[in-house]
Structure formats: structure tokens, C-alpha cells
Amino acid sequence: MDDGVVQRVFQEGGRDYESSSTSSVLQSLPLHASFDHGYYLLVKSIQELRQKKDGLVTVGIGGPSGSGKTSLAEKVASVIGCTIISMENYRDGVDEGNVLDSLDFDTLVQNLEDLTKGQDTMMPVFDYQQKKRIGSKAIKSSSSGVVVVDGTYALNARLRSLLDIRVAVVGGVHFSLLSKVRYDIGDSCSLDYLIDSIFPLFRKNIEPDLHHAQIRINNSFVSSFREAIYKLKCRSETPDRHSAFAFQENEAKTDNFIEMYLRPPSASEEARINDWIKVRQSGIRYYLSLGDQRIVDKNFIIRPKAEFEVGRMTLGGLLALGYNVVVSYKRASISVNIDSLSLSRETIDTLDETYMVLRGTNRKTVGAEALKLAINGPWITKSYLEMILERKGVPRLNTPPPISSTSVVTNQERMIAAPRPIRTTSNLVTRLEDLSQPWTRSPTKLKMEPVLAAWHFISSDTLHADSSVIDSSSFRDTIKLAPMPDSYDLDRGLLLSVQAIQALLENKGLPVVVGIGGPSGSGKTSLAHKMANIVGCEVVSLESYFKSEQVKDFKYDDFSSLDLSLLSKNIADIRNRRRTKAPIFDLETGARSGFKDLEVSEDCGVIIFEGVYALHPEIRKSLDLWIAVVGGVHSHLISRVQRDKSKVGCFLSQNEIMMTVFPMFQQHIEPHLVHAHLKIRNDFDPVLSPESSLFVLKTNKQVAYQDILKVLDPAKFCSSIQNFIDIYLRLPGIPTNGQFTESDCIRVRICEGRFAVLIREPIREGNFIIQPKVDFDISISTVAGLLNLGYQAVAYIEASAFIYQDGKILIEVDHLQGSPSPYLQIKGVDKDAVAAAGSMLKLDGSYTTKGSSSASESSQSREASPLEGIIEDMQSRIRRLERRHTINTVLWTFLMSALVGYSLYQRKRKEY
């Protein structure tokens, strides 16, 4: 679908060389995309436009305050390496900034015209603390082939004639705040009235321009614990010499903030602070966050990236709607950066105290640095708001809340008549005519709802008996979580998962045993480890409980392949707080390789079990929290197959594809998921998303082992060897323009007994290949399903990879069979660090962005033939077995795929 969308975007003509009345090479598309998909489309469009035209490519990204346009511009710049021009620097006064008259359009137009003519230009610089323009900044015309204009009015008529690509971003906190306010005040006001109150300039001055965009992005992202911020806080009466030295040796930054909390107009005196809205003022900038979205675990305060900039008029609109400023205080901060951490002294005027705060994105690193700086606590896990409320009490309401004539029924109180299947739609693009309201008014939120639901407990009838005779163990068995009636995206699901664990710990005590189930590739393992990073617990994969005899037959999706008796014993031991021995399974050898100790303690009272059948009735009956995850690669693969089949004139429903590619899901997995306490829809695409970017430099230049060691940190150095087989599957009949490309194929990798899939070609920009951080595991039955649908193996690669890494940089040397020389890959999440490592190895000028299949084109025909012969032979043998034994369709699928995979895998093992 991606290539088709990009091709639809491009028509004849362009800003510099077209004769039609429009000045953009792009034509408006009646679609909107998710943030990740829009990012991907924008990068692809920029890359193709650079090939189609000479000179500068100009992009405008517009949208309301808080929609995420600046975040999109920065993420695109991290890949493309473009110049960002922020419209906020073109203020000519201290007015609102969303008012057109306060922007210096003449200077901005002149800057863009200079750059498009190949001339250097001077961009103004505006200082928000001094509230005035303080100078200019030079922009070299040759510094970048792409310029991105980022601002609320980036798609204004005065700029559109200078833009090649026009992008509108809506959503983010803009929509979420509307949803929150609508929920708080009820249906007494129309949506248009709320928009005009909170964002008074949107409908008149902003929304009309957004309809001129060719790429329209709906950003559903609000806050995320995927990259949480970990914070340690204590009082700073007398700074110790270590922390004092840190402030002396590093450049300090001083900030002054005013932070205020707004209570909803309908809130009672005892309203939870999580229902309040936080506004932070810094100079003439205003930042907003919805509720107190944080997690406290032991000494750590864990917060998401949940703060977004909004206009000053938004605060006035909230006050006009009846919100009350119940708490306000000043926070003066002096901070220094220590590597990837931030150390600050914060003084709160209302409390008249100073606090030492250490922040970072890695929990272990924050804890280790605190020890190094001799910051020993005592730790404070309460927010400044909670401390102020404890000292001064909750301010009383100025006016009584309005009395509603109708009873309000929340989602949590609705009765669930029957569990419903949870599936994610694989359509990333929705037609505008299918929307009940303009796409600029949140097409994905047809129903206004609270930002986040709250967990509740239910009890059996025995709980209503005399509680004095109920012991603690029976009490644990009688109190259970009430299932959430709705499903949630991955970000909200992660937060709710951790909050559910904390609620269970508070109400039921230790231990808490969690199960995460879902189809292969849905994101179970990723979610489990993100949860474990936050709460500091251990994750156990159900793959550890495979039976050797079943795995040899590739029965990964069969419930009988699990050693249920051992799993039940381990869970029972954990629930009784006994140490137990969990198995360790080696998928490469197909056998159990040993055991490891597993236990719960006061420091770690949580264990997470994740796997396809984690919510099977025989397993979930012993678990405290049931989480179902659907979507991910599971949904994206179905969408990809549907697209491929439509290209060759065969139209299959998603259900037909799912029954073939995931034969066990609907009958044996999905029925268990509907009973989950929490249902998560994982729309995350690891290739589309900029959050999972892994930058790769690739070369076939020879590098000595001693030189590799010089690049990596010897204190953290480790190495390993992996053998893998890559099979490229393609559907016959797909138009290829006479050449074989990776984008036409689905890659299946067999490594250490696992099968992983890559369904989308990675982004290539300059010397870099931008890949997902991880491959996603699938079942062998999925490979068999693809073969059954007509996919054929067009190439395969056998290789051994020698891997060297230090935690920041990974260097992989791939020895491909049939290739005269190995390929070296440098990988990392920091683009500059990867480039620096390549320069240290003297590899500049030798890089290639071709994929492995392209790199081995010389041996492709020779290698593909025997693979096709293997497949034909295996299929023939299976058909003979089927005629003799009347094997049913599902078993036929397993046997065929098992023999194919086993033959390939064994052949490789014999050679090594």
C-alpha cells in the first residue's frame, strides 16, 4: 500500500517546472494517516521528489497547538537531515503567537525565496524569556537539500505557493483536551462551541488551511511510557560535596516556571487530582498535561512524555468554561546535564523548600548515578502538588458543581453482556466520506471519553460473609479485578497494565502473577519487557515450557506442546512464595538446556508470563491479571497479503487470509483473549515508526578484528555468533518493472530455531539503512500459510554472523554463502555515534544501502533453484501422505511447513 500511496501522491509537474495553476508537485489526497504512517509517507515523498526535481525541496507542516507537528518535523530531520525553520522565530511581538498579525510573514517568505534560488539567508531568532527578537541565524543554501517549515500557520495562503509538500497534523493533545473537557462538562455544549472556547482561532484561521494538505495525519499519541522518565527526589538541605562538584564542573541552566492545576467545573470537593489539568508557564510559553499520569515504584517516580505546548488562549478558554485554578506555585530550577542524565535543584515557593532531583530514561543508570553522587535520600515519591495539598488542604470550590438531571453511567459501570472479539483494523488510511465529522475534528474519536479509565475490584459472594473468619489466602481468591469493557492502544494499555499491577499489590498483596496472551507477532513480548522495566520484575516466556518431542515436529502453536504440569507447579510455587525452578529451552537444539531459580520477594513481588496460550483456561485460572494483545505484525501481515493478492486480481477478505496464515488463531487463541481484564490493540509498526529507528551503515570493505575492538568500549564488550537463513517469498504475477526488489517480497528469517518476518522494506537515506530494532517472531504455520496462498521462494541466503557490541554500538560481520567477501554492518540508535564508528574504521565512501538479496544477485539464480526443488519435493510427499491418511487441512499445513523448514535448517547445521 505504501508505494501505491506515494505514487498516487506524485503527478506530473512541480513547483519549478509545471505549467498548471497549482504550484505543488503533490495533489491533494482524500485520506488521513496515523502519525507513524504519515511520517513514513512524508520521508518517502521527500526522497522521491528529490529524484524528480532539481534544487531545494520545501515542506510545510501545519496544525493546531499540541497536535505534534514539531515532533514530526524533528523526527523527519533525524532521518533526512533537513533544515527546520520554526515559525515561532518569526514573531514580531509578545502577542499570542497564534494571531496572524503577530507573525512576520514577509521575512519568512523572503527567507524561503532566497533558499529556493540557492542563496544563503538570515533567519530571525526569538527569545521567549526576554520576549523579543534577539538576533539572526545564518542558513546556508547548500547545507541541506530539504527545508521544513514548522508552525501553526505553515499552510497559510502566503506560504503555500512556496511549498512542494504540504502536511497537516491534527490530534495529539489538541483532540485529547477536547475529549477531556467534553467528558468533564457533559453534553451541555456543542463541539463547535468547545473548539471556539479552547482554541478560539482554530476554526476561523487554522482549519481552512489544513484542507490544502496532501498528507493528512491524525496523531492519536498523547503520552507514552515506551521511553519513560525515571526520577529520584529528595530534600536538599545541605548539598554533599559530590553533587556540589557536579554543579561546579558542568554548565548550569536556570529556569523559572509557574505551575497551576485546574479542577473541572463539575468536580466534587474530593475529586481525584488525576482528573485535574496541569498547565506550566515558562515565559510566554504554555505547556499542558492531562491528569497526573505517573507511576511510583519503590523510590522511583516514573513519568511518561506527557507535556505539550498550547497557546495562551487555551488557558483563558478553560477558565471561561468554569475550570478553577485550585493550586498554583512557582518552581525555580538550576540544572546540569551529566551524560544522559539531568541533575537539578528545584525550589518551590509555596513549600519554601529546595529539592534535589535526578532524571534519566534508564532506571538502572539513574540509580547508579545517585549512588555515585552520594545522593542517598530519604526519597520523596509524592508530587509537589500532593505535598502542597497535605500541608494546606484542598481549596474549596468557589461555586457548587452543576446538578445534572440525568444519571451518568461510566464505561466501567456498563454491564458486559458478552465478551467481544478484539481485532485491529489493518487499514491505515480511511476515506473521508466514511467519517461522521470533518477529519480535522478527530476522525478516530467518534465518542468522547475520559483520558484514562480506573481499575475497580469485584468480589464473589463469599466476600460478603463475616470477614473476620476469612484468612488472607481465601481473601486473595475472592477479590478480583473487574475487566475493562473497552480496548486501548499500546500506550494507554501499558499505563493501565502497570496501574493494575499496583492496584493488585495494594489490595491483594504479594505476589502478583500476570499473563499476557495474543497471536504471534502481536507485541506480547515487547509489552511484557516494557512493563518489567517499569515495575522491576522478571518475564518468563511460555516457550521455555516447550516439550522437546513436540518442538522437533514444529508444533509451536499447539497447546499440547507446553509442559503444562511443570508450568502449573511453577505458578503454584510462586503464589505460595516458594522458590521454584523454571525451565530453560534452547530453540536451536530443540531441547531443554537447564533450569533457573524463580521466586518473588518484597523487592520484586511480580512475575509476568507471556505467550500465545498465556490466557488459556488451564493457565489463566492461576493468574491475577489477564492481558490480551492483538495487532502488531499479526495485523500488518494480513494487510500486506491482502494488498499483494489484490495486485494479481485476487480479492480475499481479511478473515480468509487470517484463517490461512494464522490457522490456529480464530479457533484456539482468540476465544481465550476476550476474557482478558485488559485488551490492547497494538497498531505499532516497527518499520513505520520513528520511535524504533535503528541506524545501519553497511559495507563490504574488510576490517581487521583488532580495529573493531578499538571502536567498542572494552569494559562492556561482548561477542556472539549466529547462523541464519533468509528466505524471500513473493507472490507470482506482481508487476516488477522487469527487476526483482525487496519491496515485492516478504522476508522470513530462520535463526536459532525461530522464524521472524519482515514485511516492509526499510527506509534508505544517504548512506544509512533505517531498520526496526527487532525482528518479530512468527509461527512456522504462518510460513506454511503464505505458501498455501501462492507465495513462492525467489531467493534465499545462508549466512553466519559474527556480532560484537558494547551496548551502544553493534558491529556485525556477515559471511554469506556464495559471496566472495563478508559484509560489515554498524548498528545503533544514535545516528551520529554510528557515523563516528564508521569513520574510525575508515569506511567513509564504501557504504551500500542494498539489501542482502540484492547483494547476492550473482548467486541468486543458482541458490533459488534448489530451494524450489526442496519445496516441490516436500509438497509432493505431503500430498501422498494426505491421500493415504486423509490428513485434515490444519495438520497438512503444519507438516508441509515443518518439512520445508526442517530440511533447510538441518542442511545449514550440518555445514557448521
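Description of the structure in this document. In this text, all values refer to a predicted model and were calculated from it rather than measured experimentally.

### Points about the overall build of the protein chain
Right, so step 1: From N to C terminus, the protein chain includes 27 helices and 39 strands.
Right, so step 2: Across the 912 residues that make up the protein chain, the buried fraction comes to 55%.
Right, so step 3: In the protein chain, the proportion of contacts linking residues at least 24 apart, taken out of those at least 6 apart, comes to 75%.
Right, so step 4: Only carbon and sulfur atoms are counted for the fraction: they give 49% of the accessible area of the protein chain, which is about 39,800 Å².

### Focus: the packing of aromatic side chains
Right, so step 1: Under the counting rule described, the total for this entry stands at 8 aromatic pairs.
Right, so step 2: Between the aromatic rings of Y329 and Y384, the centroid separation amounts to 6.4 Å while the plane-to-plane angle is 75°, which identifies the pairing as edge-to-face. Separated by 55 residues along the polypeptide, Y329 in strand β16 (residues 324-338) and Y384 in helix α12 (residues 384-392) bring together distant segments of the chain. Each member of the pair, Y329 as well as Y384, is classed as buried.
Right, so step 3: Clustering of aromatic rings is evident, with ring pairs tying together Y329, Y355 and Y384.
Right, so step 4: Directly above the aromatic system of F105 lies the positively charged group of R158, at a separation of 4.2 Å from the ring centroid.
Right, so step 5: It is R280 that lies over the ring of Y287; its NZ or CZ is 4.6 Å from the centre.

### What about the packing of helix α14 (residues 490-508) against helix α15 (residues 524-535)?
When two helices pack together, their arrangement is captured by the angle between the axes and the distance separating the axes.
Right, so step 1: Interaxial distance between α14 and α15 falls to 10 Å at its minimum, and their mutual angle equals 50°. In terms of orientation, α14 lies oblique with respect to α15. The two elements α14 and α15 cross, and the hand of that crossing is right-handed. Residue-level contacts link L490, L494, S497, V498 and I501 of α14 to L527, K530, M531, I534 and V535 of α15.
Right, so step 2: When the residues that make up the contact of α14 with α15 are grouped by side-chain class, the tally is 8 nonpolar, 1 polar and 1 charged.

### Things to note about the sheet that holds strand β28 (residues 625-631)
Right, so step 1: Here 6 strands make up an open sheet; going across it, the order is β22-β29-β28-β23-β27-β24 and the pairing parallel. Looking at which strands have only one partner, the edges of the open sheet turn out to be β22 (487-489) and β24 (538-541). For this sheet the average axis-to-axis angle between neighbouring strands, irrespective of direction, equals 25°.
Right, so step 2: As defined by bridge partners, strand β23 (residues 512-517) adjoins β28 across 4 bridges and the pair is classed as parallel. Along β28, the bridge assignment pairs G515 with W626.

### What about the pairing of strand β10 (residues 253-263)?
Right, so step 1: In terms of strand pairing, β10 meets β16 through 11 bridges, oriented antiparallel. Considered in β16, the bridge of L262 is made with V325.
Right, so step 2: Summarising the sheet, β10 and strand β11 (residues 277-282) pair through 5 bridges and their orientation is antiparallel. From the neighbouring strand, M260 faces β11, where its bridge partner is V279.

### Considering the sheet that holds strand β9 (residues 229-235)
Note on sheets: strands pair through backbone hydrogen bonds, and any given pair is parallel or antiparallel.
Right, so step 1: Spatially, 10 strands are ordered β13-β14-β9-β18-β17-β16-β10-β11-β12-β15 in an open sheet, and the strand pairing comes out antiparallel. Looking at strand neighbours, the two that pair on one side only are β13 (295-297) and β15 (308-310), the edges of this open sheet. For this sheet, the mean angle separating the axes of adjacent strands, direction not counted, is 30°.
Right, so step 2: Relative to strand β14 (residues 300-303), β9 runs antiparallel, the two sharing 3 bridges. In the strand pairing of β14, K231 is matched with I301.

### Focus: the pattern of salt bridges
Right, so step 1: Within this structure, the stated rule accounts for 32 salt bridges.
Right, so step 2: Taking the shortest distance from any N to any O, the salt bridge between E538 and K596 comes out at 3.1 Å. Linking E538 in strand β24 with K596 in strand β26 (residues 591-598), this pair joins segments that are 58 residues apart in sequence.
Right, so step 3: When its relative accessible area of 29% is taken as the criterion, K596 is described as partly exposed.
Right, so step 4: As a salt-bridge pair, D573 and K569 come within 2.8 Å of each other at their nearest N and O atoms.

### Concerning the nonpolar core
It is characteristic of soluble globular proteins that their nonpolar side chains tend to be buried jointly.
Right, so step 1: L542, Y545, L562, F609, I619, L729 and Y791 are the most contacted members of the largest nonpolar core, which totals 60 residues.
Right, so step 2: Both domains that meet at this core, namely domain 3 (478-681) and domain 4 (693-733 + 741-851), each give it at least three residues.
Right, so step 3: When residues no more than four places from it in sequence are discounted, the contact partners of F609 are V513, V514, G515, I516, V540, L542, Y545, L567, I571, I574 and A614.
Right, so step 4: Grouped together as the second largest cluster of nonpolar side chains are 53 residues, A154, L177, I206 and A213 included.

### Digging into the pairing of strand β18 (residues 353-360)
Right, so step 1: Pairing between β9 and β18: 6 bridges, direction antiparallel. Looking at the pairing, K233 lines up with V357 of β18.
Right, so step 2: Bridge analysis of strand β17 (residues 341-348) against β18 gives 7 bridges, and the strand direction is antiparallel. Within β18, the position partnered with T347 by the bridge is T354.
Right, so step 3: Here β17 folds back onto β18, and the loop between the two strands holds 4 residues, one of which, D352, carries a positive phi near 55°.

Reading the values: the criteria
- Residues numbered from 1 in each chain as written.
- Predicted model: local features only at pLDDT ≥ 70, side-chain atom pairs only at ≥ 80, totals over all residues.
- Heavy atoms only, no water.
- Helix = DSSP H or I, 4+ residues; strand = E, 2+ residues; numbered from the N terminus.
- Buried < 20%, exposed > 50% of the residue type's maximum accessible area, 1.4 Å probe, protein only.
- Contact = heavy atoms within 4.5 Å.
- Areas by Shrake-Rupley, 256 points an atom, 1.4 Å probe, with all protein chains shown as cover.
- Phe/Tyr/Trp six-rings, centres within 6.5 Å; stacked < 30°, edge-to-face > 60°.
- Lys NZ or Arg CZ within 6 Å of the ring centre and 35° of its normal.
- Axes fitted to C-alpha atoms, helices over the stretch in contact; angles between N-to-C directions.
- Parallel < 35°, antiparallel > 145°, perpendicular 65-115°, else oblique.
- Left-handed = near helix turned anticlockwise from the far one by under 90°.
- Nonpolar A, V, L, I, M, F, W, Y, C, P; charged D, E, K, R; others polar.
- Pairing = 2+ DSSP bridges.
- Salt bridge = Lys/Arg side-chain N within 4 Å of Asp/Glu carboxyl O.
- Core = buried A, V, L, I, M, F, W, Y, C linked by side-chain atoms within 4.5 Å.
- Domains from an automatic or database assignment.

Any functional reading would require information beyond the geometric quantities listed.
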